[in-house]
Amino acid sequence: MKRKTFLQFTAPSNIVMLVLLVFPLLYALWLGMNFMTFRTINEPVFVGLDNFKTILNDPAFWAALRWTLVIVVVAVSAHMIIGFVIALALDQVKGRMRAFYLAASLIPMIVVPLVGTIIFKQLFDPPGLFAWAYRSVTGNIFVFNATTMKQLILVHTIWIVTPWAIVLFFAGMQTIPQEQVDASSVDGANRWQQVRHVVIPHLRPLIILTALIAVMDMFRLFDNVFVLTRLNPVYASDTVLTYNFRTAMTVQRLGLGNAIAIILVITIVIALIPLLYVSYRDQIKDR
Amino acid sequence: MRPITHPFARIGLHLFLWAVVLYSTLPFVWTTLNSFKTKRDANAATPQFVFEPTLEAYSAVLLKSASDNGILVGFGIFAVLATLVTIGLFAKRIPLSTKAIYWGIAAALALIVWFLPTIVDTAEFYDNFLNTIIIATGAVIISVAIGAPAGYALARYTGISGVVILLGALAFRSLPRLGYILPYFQVSQDIGLWDTYILVIIVLVAVNQPFTIWMLRAFFMTVPKEIEESAMVDGASRFAAFRKVVIPVVWPGIVATSLFTLLIVYHEFLLIRILTQQNKTLTVAMTQFLGGVSVPGSVPRQSAAAVVSVLPLIIVVLIFQKQFVKGIGAGAVKG
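Caption draft 1: View of the confidence of the model for chain A. Considering every residue of chain A, the mean pLDDT works out to 88; 99% of them sit at 70 or more. Confidence, read as mean pLDDT per element, is least for helix H12 (residues 254-286) of chain A in chain A (82) and greatest for helix H3 (residues 59-91) of chain A (94).

Here's what the structure looks like:
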């Protein structure tokens, strides 16, 4: 394909991304250096890098960042392990039942995150199923506090993202050459050894990719934390994005909010470098 | 993997998978039950599994005022929908073109949805439902329409600028929406596009474009070059070959990509919440049922609203489940 044709074909898409993704980001960077509220949205006051200094000196920001990192580490590893096990089990079933199991396990990912959180929380609210079970088993009332709320956020986050891992690993397992499995069976490998020496090596690129995509999605966690905590500071469960939302929308420090977003963007881009490098190498290799 | 054959092990396997089914669907099942309860049943100290079902919550969510003939209209609509579904299921056995039947069903559904407000006194939540349909359809169509040629060109072009665009898109795919909100908000207010369909659609197209082109590119990579080359030897232009030869081959991939775009657009909360007032979508409208910081909302209404807002999406995805699963596989394994 000629360069000119390439540019023509990609032009609409590139123009949209340039005008609505690249320029707004640069503008956001500039707004991050201003002081403004909703009332003064059209007369921003330039304050330079003060906003960035304020944030980096705010213990609440570091607490939010720490909590976000905890979610990233716990949820990413847990959902991949759970997803892998479920995918292995699905791989053992054929036909109609497989389609049924697969469809059912996709539900958490199809349900709108915001709505999914509402229905998840219903189980734990006073008349809910889990609240009742908890009361019946332990004799205590289930209360939301900083600890239980954090556990709930972790559980719910894992619940939402697990289907991705299930489907990705399941799709990957379908591409394992049968000869490799047969050969290892002939060599007398047991199931665990097959998983260890055939399945996991085959899925390695997919595992890395899933992990990296999950990491960057976890950094953006907002909807479920927003619904579960209703931004109530009692729970001390702010992620970087809810902290950002609170600063920008509730406290109305719009410039400050943008500065947080910019810091988060920089953090994510740094976290992305391995993924960018891996896909850069792949792209170059393909040519 | 070597298949498990021992009968006990198989039973264990199925029990495990049933546990997974329970784990995935329990919250949704519980909410659906709640949506048919009275407030009293929903707030009972011991969970009620057997109760007298009522449509109170649904009529409260969907109707402005409960009319006398509400139940009648409800049954009528339900009967029509059931008939349409039955026709859809047996479309292959009817001696008419299957495609025509599907289009007919889609048109009938659209007519019902559109003209329902003239029959029944629908509440704002129903308008939000219509907004969702308009915004989601528009965003999906435009995304794929501009993404398809780009994805095709990225799959075929070998120069370095292709790599630059792909990596840039990957970086932008992962950025938080909050960073964009203020620029979008301010500029759209200045040019008077705030709270319009067109603004929301274009913004959603833009934020999803990186994802769309990556996924479409993965599908176009699976099409051998020879297909369009032979068409071009016969005198077709590159674009004609792309439209007439490549697109039909890659059509299942385009359906899968549309499905994913639909999912992301339907899930979007933050951007639409900031950019709309009247024309908000169901996802944003759900927040009115959340209740306050410490007071939970009315459980049956919350549940009914949740079911209404999620059910259309679940139905669409389950209809296209095969393409959906294949799409995840292709998009990830290749990309």
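From this point, the narrative continues.
Caption draft 2: Layout of the confidence of the model for chain B. Looking at chain B as a whole, the pLDDT averages 86, with 95% of positions reaching at least 70. Within chain B, the lowest mean pLDDT, 69, falls on helix H15 (residues 321-334) of chain B, and the highest, 93, falls on helix H6 (residues 124-156) of chain B.

Caption draft 3: Broad picture of the interface of chain B and chain A. At the junction of the two partners, chain B supplies 111 residues and chain A supplies 109 residues. In total, chain B and chain A occlude about 9,800 Å² of area from one another, counting both sides; carbon and sulfur atoms represent 75% of this. The salt bridge involving Asp217 of chain A is made with Arg173 of chain B; its shortest N-O contact spans 3.9 Å. At the junction of chain B and chain A, the tally comes to 18 residue pairs in polar contact (both at pLDDT 80 or more). At 17 residues, the largest contribution of residues to the side of chain B that touches chain A is made by helix H1 (residues 7-35) of chain B. A per-class count over the side of chain B that touches chain A returns 77 nonpolar, 25 polar and nine charged.

Caption draft 4: Quick peek at a nonpolar patch on the surface. A cluster of nonpolar side chains, namely Ile15, Leu18, Val19, Phe23 and Leu26 of chain A, defines an oily patch on the protein surface of about 480 Å² accessible area. As for its placement among the helices and strands, Ile15 of chain A is situated in helix H1 (residues 3-31).

Caption draft 5: Molecular detail of the environment of Val207 of chain B. You can see Val207 of chain B is positioned in helix H9 (residues 197-221). Taking the C-alpha atoms as reference points, Val207 of chain B and Thr38 of chain B, 169 residues apart in sequence, are found 41 Å from one another. Setting aside residues up to four positions removed in sequence, Val207 of chain B forms contacts with Leu21 of chain A together with Arg177, Tyr184 and Leu271 of chain B.

Caption draft 6: Layout of the packing of aromatic side chains. Residue and element names in this part refer to chain B. Summed over all chains, the structure comprises 36 aromatic pairs over all chains. Plain terms: the ring middles of Tyr126 and Phe129 are 5.9 Å apart, the flat faces sit at 55 degrees to each other, and that makes the pair tilted. Here Tyr126 and its partner Phe129 are both found in helix H6, three residues apart, which amounts to about one turn of the helix. The same class applies to Tyr126 as to Phe129, namely buried.

Caption draft 7: Seen up close, the domain arrangement of chain B. You can read the domains of chain B as domain 1 (1-27), domain 2 (70-120) and domain 3 (123-334). Placing a centre on the C-alpha atoms of domain 1 of chain B and another on those of domain 3 of chain B gives a separation of 34 Å.

Caption draft 8: Representation of the pattern of salt bridges within the structure. Overall, the coordinates contain eight salt bridges over all chains when judged by the stated rule. Its salt-bridge partner being Arg156 of chain B, residue Glu228 of chain B comes within 2.7 Å of it at the nearest N-O pair. Of the two residues, Glu228 of chain B is situated in helix H10 (residues 225-233) and Arg156 of chain B in helix H6; the sequence distance between them amounts to 72 residues. Take Glu228 of chain B and Arg156 of chain B: they sit in the same class, and that class is buried. Linked by salt bridges that have partners in common, Asp217 and Arg220 of chain A together with Arg173 of chain B make up one network.

Caption draft 9: Molecular detail of unusual backbone geometry. Despite not being glycine, Leu231 of chain A shows a phi value in the positive range, around 60 degrees. As for its position among the elements, Leu231 of chain A is in the loop between helix H10 (223-229) and helix H11 (240-250). Residue Leu231 of chain A is classed as buried on the basis of its relative accessible area of 12%. Positive phi values are uncommon outside glycine, yet Asp195 of chain B reaches one of about 65 degrees. Position of Asp195 of chain B among the secondary structure elements: in the loop between helix H8 (178-190) and H9. We classify Asp195 of chain B as buried; its relative accessible area is 13%.

The rules behind the values
Residue indices follow the written sequence of each chain, beginning from 1 at its first position. Chains carry letters from A onward and ligands carry numbers from 1 onward, assigned in written order. Selection of residues for local features in this predicted model requires a pLDDT of at least 70, selection of side-chain atom pairs for listing and counting requires 80 or more, and totals for whole chains, interfaces and linings are taken over all residues. Just so you know, side-chain values use all the structure's heavy atoms and leave hydrogens and water out. Per-residue confidence from the predictor is reported as pLDDT, which spans 0 to 100. Numbered from the N terminus, helices here are DSSP runs of H or I no shorter than four residues, and strands are runs of E no shorter than two. The criterion used for residue contact is that any of the two residues' heavy atoms lie within 4.5 Å. Two parts lose some accessible area (1.4 Å probe) when they are put together, and adding that loss for both gives the buried area. When a carboxyl oxygen of Asp or Glu is within 4 Å of a side-chain nitrogen of Lys or Arg, the pair counts as a salt bridge. Each polar contact in these results corresponds to two N or O atoms within 3.5 Å; when the atoms are within protein, one needs to be able to donate a hydrogen and the other to accept it, and residues that are neighboring in sequence are counted only if both atoms are side-chain atoms. Three categories are distinguished: nonpolar for Ala, Val, Leu, Ile, Met, Phe, Trp, Tyr, Cys and Pro, charged for Asp, Glu, Lys and Arg, and polar for the others, with Gly belonging to the last. Only residues whose relative accessible area exceeds 30% and that form no salt bridge are eligible for patches; like-charged ones are grouped when within 9 Å, while nonpolar side chains (Val, Leu, Ile, Met, Phe, Trp, Tyr) are grouped when within 5 Å. Reported accessibility uses the Shrake-Rupley method at a 1.4 Å probe radius. Residues are deemed covered only where the shown protein chains occlude them. Two aromatic rings, drawn from Phe, Tyr or Trp (for Trp, its six-membered ring), form a pair once their centres lie within 6.5 Å of each other, and the interplanar angle then sorts them: stacked below 30 degrees, edge-to-face above 60, tilted otherwise. When accessible area is computed with a 1.4 Å probe and restricted to protein chains, residues below 20% of their type maximum are described as buried, those above 50% as exposed, and intermediate ones as partly exposed. Note: domain ranges come from an automatic or database domain assignment.

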